[in-house]
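Residues per chain, in single letters:
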Amino acid sequence: MEYISTRGGMTPAPFSATLLEGLATDGGLAVPETMPEITRERIESWRSLSYAELATEILSFFATDIPGPELAAMCERAYREESFSPGIVPLTPISEEISLVGLSEGPTLAFKDMAMQFLGQSLEYVLRKTGRTLNIVGATSGDTGSAAEYALRGKEGVSVFMLSPQGRMSDFQRAQMYSLDDANIHNIAVDGVFDDCQNLVKSIAGDLEFKREYSIGAVNSINLGRISAQVVYYFWAWLRASDALDAEARQTFKVSVTVPSGNFGNILAGHFAREMGAPIRRLVLAANENNVLDDFFRTGIYAPRAAAETHATSSPSMDISKASNLERFIFDLLGRDPERLNAAWRELDETGKLDLSEELPRFTSEFGIQSGTSTHADRVATIRSVHAESGVTIDPHTADGVKVAREHVEPGVPMLVLETAKPEKFPDIVFEATGERLALPAHLAGLLELPQHVTEMADDEATLREFVAKRALRA
Ligand SMILES: *Cc1c(COP(=O)(O)O)cnc(C)c1O
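Residues numbered from 1 in each chain as written. Predicted model: local features only at pLDDT ≥ 70, side-chain atom pairs only at ≥ 80, totals over all residues. Heavy atoms only, no water.

1. A few points about the UniProt feature "domain: Tryptophan synthase beta chain-like PALP" (unreviewed entry) in the protein chain
- Following the UniProt record, one finds the feature "domain: Tryptophan synthase beta chain-like PALP" (unreviewed entry) at residues 106-333.
- Helix makes up 47% of residues 106-333 and strand makes up 17%, while its end C-alpha atoms are separated by 34 Å. (UniProt positions renumbered as here; feature names shortened; annotations may be inferred. Helix = DSSP H or I, 4+ residues; strand = E, 2+ residues; numbered from the N terminus.)

2. Focus: the site of the ligand
- Inspection of the region around the ligand gives 15 residues, with K112, D143, G262, N263 and N266 positioned closest.
- At 2.8 Å, a backbone N or O of G262 approaches an oxygen atom of the ligand.
- Within the contact set of the ligand, an oxygen atom lies 3.0 Å away from a backbone nitrogen or oxygen of F264.
- The fraction of the free accessible surface of the ligand (380 Å²) that becomes covered by protein chains is 97%.
- A class-by-class count of the residues in the shell around the ligand yields five nonpolar, eight polar and two charged. (Near = heavy atom within 4 Å. Polar contact = N/O pair within 3.5 Å; in protein donor to acceptor, adjacent residues only side chain to side chain. Areas by Shrake-Rupley, 256 points an atom, 1.4 Å probe, with all protein chains shown as cover. Nonpolar A, V, L, I, M, F, W, Y, C, P; charged D, E, K, R; others polar.)

3. Looking at the sheet that holds strand β4 (residues 98-102)
- With respect to topology, six strands assemble into an open sheet ordered β3-β4-β14-β9-β10-β13, the strand pairing being mixed. Each of the sheet's edge strands pairs with one partner strand only, and the pair in question is β3 (91-93) and β13 (369-373). Between one strand axis and the next, the sheet turns through 25° on average, direction left out of account.
- Two strands pair when backbone bridges link them, and strand β10 (residues 280-287) and β13 are joined in this way by five bridges, in the parallel orientation. If you follow L285 over to β13, its bridge partner there is S371.
- Relative to the sheet, helix α18 (residues 396-406) contacts β4, β9 (255-260), β10, β13 and β14 (415-419), its axis offset from that of β14 by approximately 165°. (Pairing = 2+ DSSP bridges. Axes fitted to C-alpha atoms, helices over the stretch in contact; angles between N-to-C directions. Contact = heavy atoms within 4.5 Å.)

4. Considerations on the nonpolar core
- Of all hydrophobic cores here, the largest spans 119 residues; its most connected members are Y79 and F235.
- A total of 12 residues in this core trace back to one element, the largest contributor, which is helix α10 (residues 224-241).
- Setting aside chain neighbours within four positions, we find F235 in contact with I38, I43, W46, L54, I58, A273, M276, G277 and A278. (Core = buried A, V, L, I, M, F, W, Y, C linked by side-chain atoms within 4.5 Å. Buried < 20%, exposed > 50% of the residue type's maximum accessible area, 1.4 Å probe, protein only.)

5. Side note on the environment of E41
- Relative to the assigned elements, E41 resides in helix α2 (residues 40-44).
- Residue classification places E41 among the exposed residues on the basis of a relative accessible area of 60%.
- In the structure, E41 is positioned 39 residues away from E2 in sequence and 25 Å away in space, judged by C-alpha atoms.

6. Structural notes on helix α21 (residues 461-471)
- For α21, every residue scored as buried is listed here: L464, F467 and V468. The buried residues of α21 occupy an angular sector of 95° when the element is viewed end-on, so they sit on one face. Residues of α21 that are exposed and point over 90 degrees away from its buried face: E466 and K470. (Arc of directions from axis to C-beta.)

7. Quick look at unusual backbone geometry
- If you check the backbone angles, F264 has positive phi at about 70° while not being a glycine.
- Mapping F264 onto the fold places it in the loop between β9 and α12 (265-276).
- We classify F264 as buried; its relative accessible area is 1%.
- For R336, which is not a glycine, the phi torsion comes out positive at approximately 55°.
- Note that R336 resides in the loop between α14 (326-333) and α15 (338-351).
- Relative accessible area serves as the criterion here: at 27%, R336 is assigned to the partly exposed category.

8. Notes on the pairing of β14
- Within β14, five of the five residues are buried, which leaves it mostly tucked inside the rest of the structure.
- The alternating pattern of β14 places M415, V417 and E419 and L416 and L418 on opposite faces, both of which are buried.
- Relative to β14, β4 runs parallel, the two being bridged by five bridges. The partner of I98 across the bridge, within β14, is M415.
- With three bridges connecting them, β9 and β14 associate as parallel partners. Following the sheet pairing, T258 is matched in β14 by V417.

9. Overview of the packing of helix α3 (residues 51-62) against α10
- One can describe the packing of α3 onto α10 by two numbers: an axis separation of 9 Å at closest approach and a directional angle of 130°. With respect to α10, the element α3 is oriented oblique. Our pair here, α3 against α10, has a crossing hand that is right-handed. Across the interface between the two elements, Y51, L54, A55, I58, L59 and F62 of α3 pack against S228, A229, V231, V232, Y233, F235, W236 and L239 of α10.
- Residue classes in the contact of α3 with α10 are distributed as 13 nonpolar, one polar and no charged. (Parallel < 35°, antiparallel > 145°, perpendicular 65-115°, else oblique. Left-handed = near helix turned anticlockwise from the far one by under 90°.)

10. Observations regarding the sheet that holds strand β15 (residues 455-457)
- If you trace the five strands from one edge of the open sheet to the other, you get β8-β5-β6-β7-β15, paired in parallel fashion. With one partner strand each, in any of the chains shown, β8 (216-217) and β15 form the two edges of the open sheet.
- As paired elements, strand β5 (residues 134-139) and strand β6 (residues 158-165) share six bridges and run parallel to each other. When the sheet's bridge partners are listed, V137 is paired in β6 with F161.

Next up, the structure:
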């Protein structure tokens, strides 16, 4: 399997090369040249596999340049019950129709661990094999950063420069990242919002000379290694949701999946899984007040908002107004034609808007995508009602998902909601909703007390460059 750019200007590259790059060399995003196709029989044959074994099967379609036994060893190391919990990804019913898919059992209590633990393993492998070093420059609105840092701390040949929006993360998110004192981890708090951080990263990644000189790479949600690792749990969720059915019922069984969304990475993996043959009826995108993507999927018009218009909400990891990964979906929507994609991006640049309303009927009919929005009041009401009805406590991002999922339930089609974080990370809103004071697990409670290691920085590219150049690992 080789990877091409959505913008048509990159020589096809193998999987391990896309791991080390952020954007493709032409500024586009790497996508599989063709989407692997997996039959129901094949999926059925995976029913008894452990999560790590299933990951090995699915990732072997993407990482064709990593030998099978190496890939299996990476997946075993990435998805250990000691780092997650028994079963790795448990399904929990919260009502007759809706179940949660537990993606936040990992070390940072958020679903980013699912992808990042694999990426940490595969990066280390590729760097060791090529004798290269890599300096990750990334942006986080909370969970990506800590997941990346926990997956890469202490790993050889790689260092992490992680930009976060100052004052826009929870105390726990800050403590989790800034308490790390590994020499290869650099936390940078930028005076701005997440999109400012992301723009800084993009401008550095867009400077090919700087990028080459300092071996700059990315692990943000456009990284293809992450997207492909996320594809795995869509298959896993379908298998677990159908375990109790008999063989005949399984043959026609489909689920719908609601995904609390920000940068469109998680749901893009769902789109990939569905294109590959995962029996998914609807992919429902849940947005918070920053609902640019909900607008797009309801109207066909994409109008990204300026960073200054991004609301700081109580589901902060979804406070994104310009979703990088959407380019990969639009590429598929436009028939995987780079010329049409480039024309669309020109329209967006010139007018600030991209009108794809002619394609709107295909969003659902061909791609199964629908969407909805949830607000702070919805999150509080949903955390409260789920707690009252099922005894399960959910976090505000998952609550956005459940709120929108309830509006899209269809008779006879189980609805799965991806749980993207643990409620313990957001104790204030949980207390507001349920009156329950959640305690952090003992091994995490101590984090809040630890000294924090962070450099405050203006939203300024030159300052960032200088900081990175001074501390980057050199081969
Ligand atoms: C990152 C994140 C999201 C959004 O996922 P995307 O892949 O950016 O769409 C939602 N919830 C939580 C808790 C997250 O950390």
